[in-house]
Protein chains: 2
Amino acid sequence: MERKRIAIVGVGLIGGSLALQLNEKGMAAGIVGVEANPEHAKKAVELGLVDEVLSLEQAIDQSDVIILCIPVDKMTSLLPKVLDRITHQIVLDAGSTKEQLIDAVKNHPNRGRYVATHPMWGTEYSGPGAAIKQAFENKAVVLCNSADSDEDAVKWVKSAYHKIGMHLLEMDAHAHDLHAAYVSHISHITSFALANTVLEKEREDQAIFELASGGFESTVRLAKSNPSMWVPIFMQNRENVLDVLNEHISQLRKFKACLEKENYEYLEELIQNANRISRIIK
Amino acid sequence: MERKRIAIVGVGLIGGSLALQLNEKGMAAGIVGVEANPEHAKKAVELGLVDEVLSLEQAIDQSDVIILCIPVDKMTSLLPKVLDRITHQIVLDAGSTKEQLIDAVKNHPNRGRYVATHPMWGTEYSGPGAAIKQAFENKAVVLCNSADSDEDAVKWVKSAYHKIGMHLLEMDAHAHDLHAAYVSHISHITSFALANTVLEKEREDQAIFELASGGFESTVRLAKSNPSMWVPIFMQNRENVLDVLNEHISQLRKFKACLEKENYEYLEELIQNANRISRIIK
């Protein structure tokens, strides 16, 4: 597959890691960055994630592929402007919500040049310094509503994700946002709330620091995630997240009721039911 | 330090991993197991975790140190019987709750031979097949009420945990159970409840399987934990767990209220507050 000139808009954790992978796998004939934060821009070049940082307009004009890796609220306002300016380019995004974004460009004359994707990988860290090699490998990437995208654009995007080791799933944006609420967004809410719980109850930071075991760390690590990324995700996926959050609170209330009533048989049943997750997650 | 003949009562994840470490670090002049589950007993010998499996009485009589690694409800009934039979031996336990256990032997004539400990390490798996090398290293171990234990016993126990790479903390049983509710027990409840939430809402197992990313896996992995270990922990630490669970539900309700009222400024504050956990947990 022919190498493309690639522009990464937002050179943080996701954009920076994508840049590393696309270079490594020989997909890129040069990668330029667009980055609003001057410190991140400097760092992205220093780390060799991108060759240089340009204005959005320059980057679009010089590139064959434009990849948007910015918070989903900014994406929704930026994507139509990018489509306004492109001629032949392929545009894709790596956002965690899809329905509002796709809606924002559904009648755009260049809609066909845009491919909506969600590579299901991330860490709790952010910024170009958080970018890592071999990111995305063996994870899923979701392509949404790809029938609305031009064939050549879909073909290149699929091939790029395939090259960096991801397995492809296709679904419509509505289904994506629903599933993402279940398998990603709710985990972040529980983790944020767990951190707040422990910070509220455990006034001795030192005790948390000294006693915290792997189990605590793994349930709470997502609580380090960046609010400027996550608030917009929760805004855009509000109804699905509320639905699953209500269910989660009611599941927690069952544990509470078991303990209050000392109903340990039912407590055991609840835990046995939860154990079924091991049939799905290795 | 002189090698001791060691008996491990309950050769599962914890007992088996301890056996591996004590052998590796040259603390043991032979390790025998006591194991109620015949399949686990067979496996423990096959895997070389213990030299042989004996009855409790035989194991006590032949050993210098007896380590109890069984669910905390069984521990509470077994510990007094072990203390009844010993002559010179050191007895310790690795249970996740401490107050009821210590209470159960507080007037026992051999109380001094018993050292109450909680090595803060585990995984979501159980049984001798889950035992791993290098377990416990760089984690904390809590010694509780050690002033009630004989000096020679405390000295050996500290030295053994030190040799396997753990850092020692001392606190009274009451404080231990409170802190353990915050930094360990609540994580398990949130994980069990999250698994039940997703299993309830997401009827398509395949979608979870394909889409689940590292974030979901890390928040839900503890949901694989064994109910026969965890129900007794929640029973024995019921009041502390209820207290922190109530706080956790009220923290989740704040996220819910933010979404319902579309109060995204407060949502951002909640997430920023949660981010403070990164000052404590690397």
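About the thresholds
- Residues numbered from 1 in each chain as written.
- Chains lettered and ligands numbered in written order.
- Predicted model: local features only at pLDDT ≥ 70, side-chain atom pairs only at ≥ 80, totals over all residues.
- Helix = DSSP H or I, 4+ residues; strand = E, 2+ residues; numbered from the N terminus.
- Rg over C-alpha atoms; globule rule 2.2 N^0.38 Å.
- Buried ≥ 20, exposed ≤ 12 C-beta atoms within 10 Å, placed from the backbone.
- Domains from an automatic or database assignment.
- Contact = placed C-beta atoms within 7 Å.
- Nonpolar A, V, L, I, M, F, W, Y, C, P; charged D, E, K, R; others polar.
- Least-squares fit on C-alpha atoms with pLDDT ≥ 70 in both.
- Axes fitted to C-alpha atoms, helices over the stretch in contact; angles between N-to-C directions.
- Parallel < 35°, antiparallel > 145°, perpendicular 65-115°, else oblique.
- Left-handed = near helix turned anticlockwise from the far one by under 90°.
- Pairing = 2+ DSSP bridges.
- Expected span 1.5 Å × (residues − 1).
- Arc of directions from axis to C-beta.
- Core = buried A, V, L, I, M, F, W, Y, C linked by C-beta atoms within 7 Å.
- pLDDT = per-residue confidence, 0-100.
- Right-handed = clockwise from strand over helix to strand, strands pointing away.

### As for the overall build of chain A
So, step 1. Along its length, chain A carries 12 helices and 8 strands.
So, step 2. For 282 residues, the compact-globule estimate of 2.2 N^0.38 gives 19 Å, and chain A sits close to it at 21 Å.
So, step 3. For chain A, the C-alpha atoms occupy an extent of roughly 65 × 40 × 30 Å along the three principal directions.
So, step 4. Here chain A holds 282 residues, and the buried ones make up 54% of them.

### Digging into the domain arrangement of chain A
All names here are of chain A.
So, step 1. Parsing chain A into structural domains produces domain 1 (4–172) and domain 2 (176–279).
So, step 2. Its C-alpha centre places domain 1 at a distance of 30 Å from the equivalent point of domain 2.
So, step 3. The interface of domain 1 with domain 2 comprises 14 residues on the first partner and 16 residues on the second.
So, step 4. Looking at the side of domain 1 that touches domain 2, the elements with two or more residues in it are α4 (72–85), α5 (99–104) and β7 (140–144).

### Quick word on the interface of chain B and chain A
By a widespread convention, an interface's size corresponds to the accessible area lost as its parts come together.
So, step 1. Residue-level contacts link 79 residues of chain B with 79 residues of chain A.
So, step 2. The dominant element in the side of chain B that touches chain A, judged by the number of residues it contributes, is helix α7 (residues 173–201) of chain B, at 20 residues.
So, step 3. Of the residues belonging to the side of chain B that touches chain A, the class tally is 44 nonpolar, 19 polar and 16 charged.

### A few points about the relation of the copies chain B and chain A
So, step 1. Expressed as a screw operation, the relation of chain B to chain A combines 0.0 Å of axial shift with a rotation of 180°, fitting to an RMSD of 0.0 Å. Taken together, the rotation angle and the small translation identify this as a two-fold axis. Ranked by how close their C-alpha atoms come to the rotation axis, the residues of chain B are headed by T219 of chain B, at 2.2 Å.
So, step 2. Comparing interface residues between copies, 100% of those in chain B also lie at the interface in chain A; the contact surface is shared.

### Some remarks on the packing of helix α12 (residues 264–275) of chain A against helix α10 (residues 227–236) of chain B
So, step 1. The geometry of α12 of chain A relative to α10 of chain B is characterised by a closest axis approach of 10 Å and an angle of 135° between their N-to-C directions. By the angle between their axes, α12 of chain A is oblique relative to α10 of chain B. Handedness of the α12 of chain A/α10 of chain B crossing: right-handed. From α12 of chain A, Y264, L267, E268, I271 and Q272 of chain A reach across to α10 of chain B, where they touch P227, W230, V231, F234 and M235 of chain B.
So, step 2. Residue composition of the contact of α12 of chain A with α10 of chain B, by class: 8 nonpolar, 1 polar and 1 charged.

### Examining the sheet that holds strand β4 (residues 65–68) of chain A
Residues and elements named next belong to chain A.
So, step 1. Read across the sheet, 8 strands follow the order β3-β2-β1-β4-β5-β6-β7-β8 without closing on themselves; strand pairing throughout is mixed. Each of the sheet's edge strands pairs with one partner strand only, and the pair in question is β3 (52–53) and β8 (167–171).
So, step 2. Inspection of the sheet shows strand β5 (residues 90–93) paired to strand β6 (residues 114–119) by 3 bridges, in the parallel sense. Along β6, the bridge assignment pairs V91 with Y114.
So, step 3. In this fold helix α1 (residues 13–24) packs onto β1 (4–9), β2 (28–34) and β4, with an angle of close to 170° to the strand it touches most, β2.

### Comments concerning helix α12 (residues 264–275) of chain B
So, step 1. Its 12 residues place the ends of α12 of chain B 16 Å apart at the C-alpha level, agreeing with the 16 Å of an ideal helix rising 1.5 Å per residue.
So, step 2. If you check which residues of α12 of chain B are buried, you get L267, L270, I271 and A274 of chain B. Buried residues of α12 of chain B fall within an arc of 95° about the axis and therefore sit on the same side.
So, step 3. Considering only its buried residues, α12 of chain B is in contact with α7 (173–201) and α10 (227–236) of chain A together with α11 (238–261) of chain B.

### Details of the pairing of strand β4 (residues 65–68) of chain B
All names here are of chain B.
So, step 1. Here β4 shows two buried faces, one formed by V65 and I67 and the other by I66 and L68.
So, step 2. Of the strand pairs in this sheet, strand β1 (residues 4–9) and β4 are connected by 4 bridges, and their pairing is parallel. In the sheet register, A7 faces β4, and the bridge partner there is I66.
So, step 3. Where β4 and strand β5 (residues 90–93) come together, 4 bridges link them in parallel fashion. Bridging from a neighbouring strand, V65 pairs with I90 of β5.

### Details of unusual backbone geometry
So, step 1. Here the phi dihedral of E262 of chain A falls at roughly 50°; this positive angle occurs in a residue that is not glycine.
So, step 2. When you line up the elements, E262 of chain A lands in the loop between α11 (238–260) and α12.
So, step 3. Residues other than glycine seldom take positive phi values, yet N138 of chain B does so here, at roughly 65°.
So, step 4. By secondary structure assignment, the location of N138 of chain B is in the loop between β6 (114–119) and β7 (140–144).

### Quick notes on the environment of E99 of chain A
So, step 1. Within the element layout of this structure, E99 of chain A appears in helix α5.
So, step 2. Filtering out sequence-adjacent residues up to four positions away, E99 of chain A remains in contact with A173, H174 and D177 of chain A.

### A few points about the nonpolar core
So, step 1. Ranked by size, the top nonpolar core spans 196 residues in total, and within it I8 and I67 of chain A together with I8 and I67 of chain B carry the most contacts.
So, step 2. The residues contacting I67 of chain B, other than those within four sequence positions of it, are I6, I8, V9, G15, L18, L92 and A94 of chain B.

### Considerations on the sheet that holds β5 of chain B
Residues and elements named next belong to chain B.
So, step 1. The strand order across the open sheet formed by 8 strands is β3-β2-β1-β4-β5-β6-β7-β8, and the pairing between neighbours is mixed. At either margin of the open sheet sits one strand with a lone partner, and together these are β3 (52–53) and β8 (167–171).
So, step 2. Strands in contact with helix α6 (residues 151–163) are β5, β6, β7 and β8; relative to β6, the strand with the most contacts, it is inclined by about 20°.

### Observations concerning the confidence of the model for chain A
Should the pLDDT be low somewhere, the predicted coordinates at that spot are not to be read in detail.
So, step 1. Model confidence for chain A is summarised by a mean pLDDT of 95, while 100% of its residues fall at 70 or above.
So, step 2. Across the assembled chains, the prediction reports ipTM 0.93 with pTM 0.92.

### Some thoughts on the pairing of β6 of chain B
Consecutive residues of a regular strand have side chains that alternate between opposite faces of the sheet.
All names here are of chain B.
So, step 1. Of all 6 residues that make up β6, 6 are buried, and the element is covered over most of its length.
So, step 2. Alternating residues of β6 divide into Y114, A116 and H118 and V115, T117 and P119, and every residue in both groups is buried.
So, step 3. Traced from β5 through helix α5 (residues 99–104) to β6, the parallel crossover comes out right-handed.
So, step 4. Sheet topology places β6 next to β7; 4 bridges connect them, and they run antiparallel.

### Looking at the environment of F216 of chain A
So, step 1. With respect to the secondary-structure elements, F216 of chain A resides in helix α9 (residues 214–220).
So, step 2. Residue classification places F216 of chain A among the buried residues on the basis of 24 C-beta atoms within 10 Å.
So, step 3. In this structure the C-alpha to C-alpha distance between F216 of chain A and L194 of chain A, which are 22 residues apart in sequence, comes to 9.5 Å.
So, step 4. Ignoring any residue separated from it by four or fewer positions in sequence, one finds F216 of chain A in contact with V183, S184 and S187 of chain B.

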